[in-house]
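Structural features, examined
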Amino acid sequence: MSEFEVLIENARVVDGSGKTPYVGSIGVRGGKVAALGEVKGDAVKVVDATGLYATPGFIDAHSHGDGTILFYPKCDNYVRQGVTTFVGGQCGGSPAPVGEMSGLPGLTRDYIQELEPHKYYPEKTVFPIEEVNALMKEKFGWNITWKTMADWFEVVESKGVSMNCAPLVGHGTVRLKVLENDYKRHSTKEEQEQMEALIREAMDQGCIGMSSGLDYDPSVWAHMDEINGHVAILKDYKDSVYAPHWRRTGRRREVKFGDTRSNKVDGLMESINTCRVTGVPTHLAHLTPGWRLVPEGNDMMEEMNLRTTLKFIDDAREEGMELTYDSMPWFILGGFSVMPYLSSLLTPWLREQGSRERFSEWLKVPDYRKEVQDAISGGRWFIRLAYNPNTNPQWAENIWVVKHKSPGCDDKTVAMIAKEREKSWMETFFDLICEDPDGRGVAVGVAESGNFPWKPYRALFFQHPVFALSLDQSVVDHTRQQETPPYSMPGINPFSAFVGFLIKFVREMKLFTIEEAVRKISTNAAEQHYLKGKGKILPGYDADITVFDLDGLKVLGDPIEPRRYPKGIEHVFVNGTAVVEKGQHTGTTPGKIVKRST
């Protein structure tokens, strides 16, 4: 019998402790790191890692992968960029608890029209479980069979998945279980007690903490006494964490032309105060600058925005709060999200007409065009703030045309094209859809994108010692595209963000040493969420290991086809089993639910 199941030889080991990398070998036995350094003994599998780095498997500190992991159990987009664990159940949404009513999990949301036809937004958030399951059975061949988080854990591990999931219970999911569709109000004391029982049940079953989504239904309607009271429950559970999607935008509905946008910093301070009054370790989700600047893009103002936001974090920590955060790497890969079609931003009318071609023909009709414009300005249809004509005076500067039939349009913003044509931004946007129904676009936020020359201050969030990298994305593969309007597809970040981080900040800018970067892409997230056995390569730790060629890392996705896996991630081990070999998925499914340490 071999001494080790896996022996990774001659690697440049970065163990996550902050220690300088050393050349050595890693012996794996029973899914754990069993030996390090000059390792002697035979092994079932030997990997020659000469010239390659071996680091703890990367950890996504904020993921919605739990919503799609049963649809994509191989987790290709994550493991093929070296990510072995994600923290799920974010923004107030978790797979359970489920009652007689349920939301639509994962890809099932693509077909919500079949349960509740609507033009702008559905009135309901949850539906009878029988209707949800009938739809899932028809589209995907399987059903929701779980009621509790423990049930869901069993379903996931029985099915087999290729990476680990550390689950939070979602306050929004709990609230929907109790209030169902009657959630646009404050809850009663009795209802809060029912929610408390459900939160305790999930924590007892192994959840690592609780999340909230304070911009989203149903939690946006909750009084802060309810939120704080439910966060305080976590004090009874050692090594647990609260992860708020803090109030950044307010409810994303009925935002009319001229409406004042919410003050982001108020929402940030609100969640910091929850940490203060409850004493619960708090990990702020996808931190962004505390103020929206109009106009965006002034370097001095943008830098102070970042520095002042971070000072709130530092002040809270000096006060004694256990406060950390994650942030997304929009600055690194151009900061864009794929629409993917210009018409995708106008989903209600695209869906109404049934095809991009038919919609583009109707948009040529003057009174129809005015109807669309009036509905947008009247707040009937919400477009994300970065490119919302009602609230962002720079909206057309944030929409880039990347592929279009009309000459001279590619790689220009709608604002640029409008200036050339001497037309209004909105008329130009509509004209571009009419001229090419299949015209492709991406959307960015000016201050958070690569539209300006790189300046050192853009890395301030990443340089902070308590930062952890996050994607705010789902588990998918290279085939993912919504079959129904708006035909959405994932961008580059879900496939390459961790690789992009290493390329940008370690290899090119040399802003971080490799050992510093590993803390930010693995160790910090493990420590901040109390993930025992994760985030380091030390004896007794889980053998979640990513082996990569730093010099050979390359992002292959682009705005036209973002769904490409990166190069340079050579081997990935999850709980001691090879999931990626020589850059290719092995098909194995050794992932586990990472439960709260007790």
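Notes on the structure follow. Here, residues in each chain are numbered from 1, in the same order as that chain's written sequence. Side-chain atom pairs in this predicted model are given and counted only at pLDDT of 80 or more, local residue features only at pLDDT of at least 70, and totals for whole chains, interfaces and linings cover all residues. To get the side-chain values, all heavy atoms of the structure are used, and hydrogens and water are removed first.

This paragraph deals with the overall build of the protein. Helix and strand labels come from DSSP, where a helix needs a run of H or I of at least four residues and a strand needs a run of E of at least two; each type is numbered from the N terminus. When its secondary structure is counted, the protein shows 16 helices and 24 strands. We compute the radius of gyration over the C-alpha atoms and compare it with the globule rule, which gives 2.2 Å times the number of residues raised to the power 0.38. Relative to a compact globule of 598 residues, whose C-alpha radius of gyration would be 25 Å, the protein shows 24 Å and is just as compact. For the protein, the spread of C-alpha atoms along the principal axes amounts to about 80 × 60 × 50 Å. Burial status follows relative accessibility: with a 1.4 Å probe on protein chains alone, a residue under 20% of its type maximum counts as buried, one over 50% as exposed, and anything between as partly exposed. The buried share of the protein, reckoned over its 598 residues, is 60%. In this analysis, two residues are considered to be in contact whenever any of their non-hydrogen atoms come within 4.5 Å of each other. Counting only contacts in the protein whose residues sit at least 6 apart along the sequence, the fraction spanning at least 24 positions is 75%. Accessible area of the protein: about 23000 Å², with a carbon and sulfur share of 50%. Positive and negative side-chain charges in the protein, numbering 70 and 81 respectively, have mean positions lying 2 Å apart. A 1.4 Å probe and the Shrake-Rupley method give the accessible areas. Residues count as covered only by the protein chains that appear here. By the counting rule applied here, Lys and Arg register as positive and Asp and Glu as negative, while His and the ends of each chain are not counted. To locate a charge, take NZ of a lysine, CZ of an arginine, CG of an aspartate or CD of a glutamate.

Turning to its location among the elements, Trp330 is positioned in the loop between β15 (323–327) and β16 (336–341). A relative accessible area of 18% places Trp330 in the buried class. Put simply, Trp330 and Leu179 are 151 residues apart on the chain and 36 Å apart in space, counted from C-alpha to C-alpha.

On to the pattern of salt bridges. The rule for a salt bridge is simple: a side-chain nitrogen of Lys or Arg has to be within 4 Å of a carboxyl oxygen of Asp or Glu. Going through the model one piece at a time under the given rule, you end up with 32 salt bridges. Two residues, Glu114 and Lys139, come together in a salt bridge whose shortest N-O distance is 3.0 Å. Of this pair, Glu114 sits in the loop between β8 (101–102) and β9 (127–128) while Lys139 sits in helix α2 (residues 129–140), and the two are 25 residues apart along the sequence. For Glu114, a relative accessible area of 45% puts it in the partly exposed group. Residue class for Lys139 comes out partly exposed when judged on its relative accessible area of 29%. The salt bridge involving Asp239 is made with Lys238; its shortest N-O contact spans 3.2 Å. You can call Lys238 exposed: its relative accessible area is 62%. Through salt bridges with shared partners, a single network forms among Lys32, Lys534, Asp542 and Asp544.

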